[in-house]
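Residues per chain are reported as follows:
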Amino acid sequence: MTTELENVLARELHEVADGVRVPPMPALPTTEAPSATRRWQPLLVAAAAVLIVGVAALVLSQRDGGSVEPAPPGPTRITDPAAPDDTTISTAMPTAPFIVDGRLYVDGTEVPGERWWGLQSHGDVWLATQGSSGAWWWGGPGVDGGQLEGRFEQPPVLSPNGAFVAYVDVSSGRAEVNGFTTDPSGEGFGLPLTGLPRVEDGIPIRVRAVTDDGDVIVQGTQTSIMWRTQSGTELDTVDLSTTAPDQIVLQGTAAGLVVVDGSDGPTDAAETEPSLATIDPDGTLTPGAALPTYDALEVNPAGTWLFRAPAGTLGGDGPSIDSLLTQPVDGGDEVALDAPEGWGFVAFSWTWEDDETVLAGLVSQRRAGPVEYRLARCRVDLGECRAIPVSEPESAGGTATDAPRSFTAEQALDAVVGAVASGDRGSLLDQSVIDDPEWSQLVEFAAGQGGSAGTCRDNGGGTKDCEIALDADPATTYYAILTPGENGYGWRITYVSIGGA
């Protein structure tokens, strides 16, 4: 069979080659440098290679009946010349807003306060709250920002382009819908929208979405209206229960509204397959692409990619999940964004940094040592994530954000072994905990597998002799010497070796 195929291939090559007319080489100036003539050689070699591959594909695609089958399509590749050609994930401090361990960072600087959560960030404008106070703050380029006035039982909502904020204020004892534009010369929406029930069937009404045109969608279990705040007519509203009956709006995205069909009763995106939709000024919904079910979903600023926490992954008491799923909004293969080894994504801590990059908070999942927090940067085009340190030295209030913390020698060593297992030294709280030679030696010992720190004993003079267990060779005992150090762990690994060596 192999000989017959080779004969057919050779015969086809000769026939096609005989019919190929190779243009004569153009005359070259006699003064041209010798290297100029060599530019033709790779072109001729490439042409021959293309000819061989093309004929081979033709021959191999023939079936027993002599019919020619089309060659299978090749993998999809990015051909946009403007697309980045790098395959690395930056460890630089993000300028986009993010939260790590309850600390909020905006433009690379920590915002005063603790226990921040609920971050929304679109178009460099952000919304977030602290603790259980119910108070919300916002900010953006060239604006004063500050605390939102009012009392909120449901989170305010930021439009996908960051141009509008809307909310239900209950400070008067009744529901009042209001909001404002976020540009430096921004204005409020004027008179609040009143006359709505504060609660329906035990559930508060809420702003479900604000479109990029400033249309505010408010829904409860019975109420369903769209307030056209920028139409020029005071309190211009549309009854969506008439124009879009049984359609429940879950959120607004740059790709459109996310909706589910509620004709069979209340539902959500974890139980009912959602879809995208656009809405006209008269309140008509036009269905778009179907979406997978989810517990959390975010669409990038261009409306081209989404990532989600699959349905059922954020329930229970678990503070983190192991992976997020990403895919093109208009369909395509789904790719898992896995948290770095030894870490999990903190629930609802994620946001888009740009159209291809996701930021998400990380929490350590190692059994030994104190709980640690980091930031992950994930590239959806690469399908990879990397833990990066939050290295900004001072907050807006002038206090250190990564001041030395109290670690035992075992805890410091376990953190290093965890970073070795993931192959990411940048995930360490402070990389000066271990120098290059010792890091390289541990990487060689670990051979790409996991491990953990064992017990430590006092060597005198404050130094510690600590055991290391590595999965690559469980029968061998490895050890490290640690000395007190001026870094984020309070220890330095000064020597690593094999026990008895």
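The structure under discussion appears in the preceding block.
Residues numbered from 1 in each chain as written. Predicted model: local features only at pLDDT ≥ 70, side-chain atom pairs only at ≥ 80, totals over all residues. Heavy atoms only, no water.

(A) How the structure looks around the side chain of glutamate 176. For glutamate 176, the position within the fold is in strand β10 (residues 175–181). Reaching out from glutamate 176, the side chain makes a polar contact with the side chain of arginine 174 at a distance of 2.9 Å. Every residue in contact with glutamate 176, bar those within four places of it in the chain, is listed here: Tyr167, Val168, Asp169, Pro192, Leu193 and Thr194. (Helix = DSSP H or I, 4+ residues; strand = E, 2+ residues; numbered from the N terminus. Polar contact = N/O pair within 3.5 Å; in protein donor to acceptor, adjacent residues only side chain to side chain. Contact = heavy atoms within 4.5 Å.)

(B) How the structure looks around the sheet that holds strand β26 (residues 335–338). With antiparallel pairing, four strands are arranged side by side in an open sheet as β22-β23-β25-β26. Of all the strands in the sheet, the pair left with one neighbour each is β22 (296–299) and β26. Across the sheet, the mean angle from the axis of one strand to that of its neighbour is 25 degrees, orientation sign disregarded. As paired elements, strand β25 (residues 323–328) and β26 share four bridges and run antiparallel to each other. Bridge pairing in β26 places leucine 325 opposite alanine 336. (Pairing = 2+ DSSP bridges. Axes fitted to C-alpha atoms, helices over the stretch in contact; angles between N-to-C directions.)

(C) Representation of the sheet that holds β10 in the model. The four strands are arranged β8-β9-β10-β11 in an open sheet whose pairing can be described as antiparallel. Bordering the open sheet on either side are β8 (157–158) and β11 (193–196), each of which pairs with just one other strand.

(D) The state of the cysteines, seen in detail. Under the counting rule described, the total for this entry stands at two disulfides. A sulfur-sulfur distance of 1.9 Å marks the disulfide that ties cysteine 456 to cysteine 466. Its torsion about the S-S bond being 115 degrees, the disulfide of cysteine 456 and cysteine 466 is classed as right-handed. Of this pair, cysteine 456 sits in strand β32 (residues 451–460) while cysteine 466 sits in strand β33 (residues 463–470); the two residues are ten residues apart in sequence, bridging distant segments of the chain. As far as the burial class goes, cysteine 456 and cysteine 466 line up, both buried. (Disulfide = S-S within 2.5 Å. Buried < 20%, exposed > 50% of the residue type's maximum accessible area, 1.4 Å probe, protein only.)

(E) Looking closely at the nonpolar core. If you look at the biggest cluster of nonpolar residues, it comprises 29 residues, and the most contacted ones within it are Leu413 and Leu482. Among the elements of the structure, α4 (409–422), α5 (436–446), β32, β33, β34 (478–484) and β35 (491–498) are those that each provide at least two residues to this core. With eight residues, α4 is the single largest residue contributor to this core. The residues touching leucine 482, leaving out its near neighbours within four places in the chain, are Ala409, Ala412, Leu413, Gly462, Thr463, Lys464, Cys466, Trp491, Arg492 and Ile493. Residues Ala296, Leu324, Ala339 and Val380 belong to the second largest nonpolar core, which totals 20 residues. (Core = buried A, V, L, I, M, F, W, Y, C linked by side-chain atoms within 4.5 Å.)

(F) The pattern of salt bridges, seen in detail. One pass over the full model with this rule turns up twelve salt bridges. Between arginine 377 and glutamate 353 there is a salt bridge, with its nearest N and O atoms 2.9 Å apart. Here arginine 377, found in strand β30 (residues 373–379), pairs with glutamate 353, found in the loop between β28 (351–352) and β29 (357–364); they are 24 residues apart in sequence, far enough to count as distant. Relative accessible area serves as the criterion here: at 6%, arginine 377 is assigned to the buried category. Overall, the relative accessible area of 24% leaves glutamate 353 in the partly exposed class. Salt-bridge contacts for aspartate 436 lead to arginine 425; the nearest nitrogen and oxygen are separated by 2.5 Å. Placement of the pair is aspartate 436 in helix α5 and arginine 425 in the loop between α4 and α5, with a sequence separation of eleven residues. (Salt bridge = Lys/Arg side-chain N within 4 Å of Asp/Glu carboxyl O.)

(G) Molecular detail of the layout of surface pockets. Computed from the structure, the second largest pocket encloses a volume of approximately 480 Å³. Taken together, 22 residues form the lining of the second largest pocket, with Arg208, Gly220, Thr221, Ile248 and Pro266 sitting closest to its centre. Every element with two or more residues in the lining of the second largest pocket is listed here: β13 (203–204), β14 (206–210), α3 (240–243) and β18 (247–253). Among the residues forming the lining of the second largest pocket, the class breakdown is seven nonpolar, eleven polar and four charged. (1 Å grid on protein atoms, 1.4 Å probe; cavity = no way out; pocket = protein on both sides within 12 Å on 5 of 7 lines; lining within 4 Å. Points joined across faces, edges and corners; volume = space filled by probe spheres on them. Nonpolar A, V, L, I, M, F, W, Y, C, P; charged D, E, K, R; others polar.)

(H) Local environment of unusual backbone geometry. Even without glycine at this site, arginine 115 takes up a positive phi of about 55 degrees. With respect to the helices, strands and loops of the structure, arginine 115 is situated in the loop between β3 (109–110) and β4 (116–122). A residue is classified by how much of its surface remains accessible, and arginine 115, at 57% relative accessible area, is exposed. Phi is positive for leucine 235, which is not a glycine, with a value near 55 degrees. Along the chain, the position of leucine 235 falls in the loop between β16 (224–228) and β17 (237–239). A relative accessible area of 35% places leucine 235 in the partly exposed class.

(I) Quick peek at the side chain of threonine 267. Within the element layout of this structure, threonine 267 appears in the loop between β19 (256–261) and β20 (275–279). You can call threonine 267 buried: its relative accessible area is 18%. Side-chain polar atoms of threonine 267 contact the side chain of threonine 272, separated by 2.5 Å. Each residue touching threonine 267, except ones within four places of it in the same chain, is listed here: Ile248, Val260, Asp261, Gly262 and Thr272.

(J) Region of interest: α4. The first and last C-alpha atoms of α4 sit 20 Å apart over 14 residues, in line with the 20 Å expected at 1.5 Å per residue. With eleven of 14 residues buried, α4 lies mostly within the body of the structure. For α4, every residue scored as buried is listed here: Ala409, Ala412, Leu413, Asp414, Ala415, Val416, Val417, Gly418, Ala419, Val420 and Ala421. Where α4 is buried, its residues contact α5, β32, β33, β34 and β35. Trailing α4 by a residue or two, glycine 423 shows a phi angle of about 70 degrees, which is positive. (Expected span 1.5 Å × (residues − 1).)

(K) Main features of the packing of α4 against α5. In the contact formed by α4 and α5, the axes pass within 9 Å of each other and the chain directions differ by 60 degrees. You can see that α4 and α5 cross each other, and the crossing is right-handed. Every residue of α5 that contacts α4 at Val416, Ala419 and Val420 is listed here: Trp439, Leu442, Val443 and Ala446. Grouping the constituent residues of the contact of α4 with α5 by class yields seven nonpolar, no polar and no charged. (Left-handed = near helix turned anticlockwise from the far one by under 90°.)

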